[in-house]
Amino acid sequence: IGTAILLSALGLTAAEAAPAFTTKYVYYKVSGDTAAGVYVSMLKRGPHVKGEKAYAATSAESSQRGKLELTKSCRIVDYQYRIDFTIRLPKLTGEAGLSSNARNRWQQFSSFLRKHEETHRTIWMGCANEIETRVRALRGRTCNEVDRRAQAIRDQVQNACNRKHAAFDTAEQKKLAKHPFVKMVLAPIYKPIKTVKLAAKKRKK
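Residues numbered from 1 in each chain as written. Predicted model: local features only at pLDDT ≥ 70, side-chain atom pairs only at ≥ 80, totals over all residues. Heavy atoms only, no water.

S.K.: Run through the packing of helix H2 (residues 100-136) against helix H3 (residues 143-178), naming residues and quoting values.
M.R.: Between H2 and H3, the least distance of the axes is 10 Å, while the angle of their chain directions is 160°. Comparing the axis directions of H2 and H3 gives the class roughly antiparallel. Taken as a pair, H2 and H3 cross one another with a handedness that is right-handed. For the contact of H2 with H3, the residue count by class is 13 nonpolar, seven polar and seven charged. (Axes fitted to C-alpha atoms, helices over the stretch in contact; angles between N-to-C directions. Helix = DSSP H or I, 4+ residues; strand = E, 2+ residues; numbered from the N terminus. Parallel < 35°, antiparallel > 145°, perpendicular 65-115°, else oblique. Left-handed = near helix turned anticlockwise from the far one by under 90°. Nonpolar A, V, L, I, M, F, W, Y, C, P; charged D, E, K, R; others polar.)

Given below as structure tokens:
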């Protein structure tokens, strides 16, 4: 599981003064008549994040609008920070081909992935709101100063946001390993190993 973050170059132009977020869901098709088959299909057809395979991914394209206004001091008026999200998720075709148990576990896993990616979106929305609040409060003697401080705020908040995403993914990996669907996929791999170990212990006795 990972998140692809695509931050666009930011510029200042006149616009509305309110946060703006959009979300588009994109699905890639997976298939299989067993949990392992579906899993392999995800690995083949799923997105890549930073060059690595992922089950799902969220891209966030950001932009900003506003205008510098100089009176007694300079400020950015009508400031808006916008993020357009694209969430990419797997969609199983031929779900009826799975056993009842596998189908239930797949549905749980699918919901887990969606919630995971939507949490990444929530993290970015919180960061965007922080950027907008802090930038709109900026005042300076010159507009160059205000513009420079606004960029520093964006960089600071975005770096903090990346750390939040990384910490969230680390915590989720532990849940992923214990997920019923993943355990079903890995069970055929681990059972023979456990059997061999138990047999070895018995021989030692």
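On we go.
S.K.: Describe in detail the sheet that holds strand E5 (residues 74-92), supporting the description with residues and values.
M.R.: The strand order across the open sheet built from three strands is E1-E5-E4, with neighbouring strands paired in mixed fashion. Of all the strands in the sheet, the pair left with one neighbour each is strand E1 (20-30) and strand E4 (57-70). If you compare each strand with its neighbour and ignore which way they point, the axes differ by 15° on average. Two elements, E4 and E5, share 13 bridges in a ladder whose sense is antiparallel. (Pairing = 2+ DSSP bridges.)

S.K.: Can you tell me about the pattern of salt bridges, naming the residues and giving the values?
M.R.: Scanning all chains against the criterion turns up seven salt bridges. The closest approach of N and O atoms between arginine 114 and glutamate 118, which form a salt bridge, is 3.1 Å. Separated by four residues within a single helix, arginine 114 and glutamate 118 lie in helix H2, roughly one turn from each other. On the basis of relative accessible area, arginine 114 is assigned to the partly exposed category, the value being 33%. The partner of lysine 175 in a salt bridge is glutamate 172, and the shortest N-O contact between them spans 3.4 Å. With lysine 175 and glutamate 172 both in helix H3, this residue pair falls three residues apart, about one helical turn. Since its relative accessible area comes to 52%, lysine 175 is described here as exposed. A relative accessible area of 7% places glutamate 172 in the buried class. (Salt bridge = Lys/Arg side-chain N within 4 Å of Asp/Glu carboxyl O. Buried < 20%, exposed > 50% of the residue type's maximum accessible area, 1.4 Å probe, protein only.)

S.K.: Run through the packing of aromatic side chains, naming residues and quoting values.
M.R.: Following the criterion strictly, the structure yields seven aromatic pairs and no others. Relative to phenylalanine 109, the ring of tryptophan 106 lies with its centre 6.2 Å away and its plane at 50°, an arrangement referred to as tilted. On the criterion of helical spacing, the pair formed by tryptophan 106 and phenylalanine 109 is a turn pair, its members being three residues apart in helix H2. On the accessibility criterion, phenylalanine 109 (0% relative accessible area) is buried. Ring geometry for phenylalanine 109 versus phenylalanine 181: centroids 5.0 Å apart, planes at 25°, classification stacked. Residue phenylalanine 109 is located in helix H2, and its partner phenylalanine 181 is located in helix H4 (residues 180-204); the two are separated by 72 residues in the primary sequence. The residues phenylalanine 109 and phenylalanine 181 share a single accessibility class, namely buried. Taken together, the ring pairs in this structure connect Tyr39, Tyr55, Trp106, Phe109, Phe112 and Phe181 into an aromatic cluster. (Phe/Tyr/Trp six-rings, centres within 6.5 Å; stacked < 30°, edge-to-face > 60°.)

S.K.: Tell me what's going on with the state of the cysteines, and back it up with residues and numbers.
M.R.: Linking two cysteines covalently through their sulfur atoms gives a disulfide. The final tally for this structure, using the stated rule, is two disulfides. With a sulfur-sulfur separation of 2.2 Å, cysteine 74 is cross-linked through a disulfide to cysteine 143. The disulfide joining cysteine 74 to cysteine 143 has a torsion of about 100° about its S-S bond and is therefore right-handed. In this pair, cysteine 74 is assigned in strand E5 and cysteine 143 in helix H3, connecting sequence segments 69 residues apart. Of the residues examined, cysteine 74 reaches a relative accessible area of 0% and is grouped as buried. Ordinal numbering of bonded cysteines along the protein chain defines a disulfide pattern of 1-3, 2-4. (Disulfide = S-S within 2.5 Å.)

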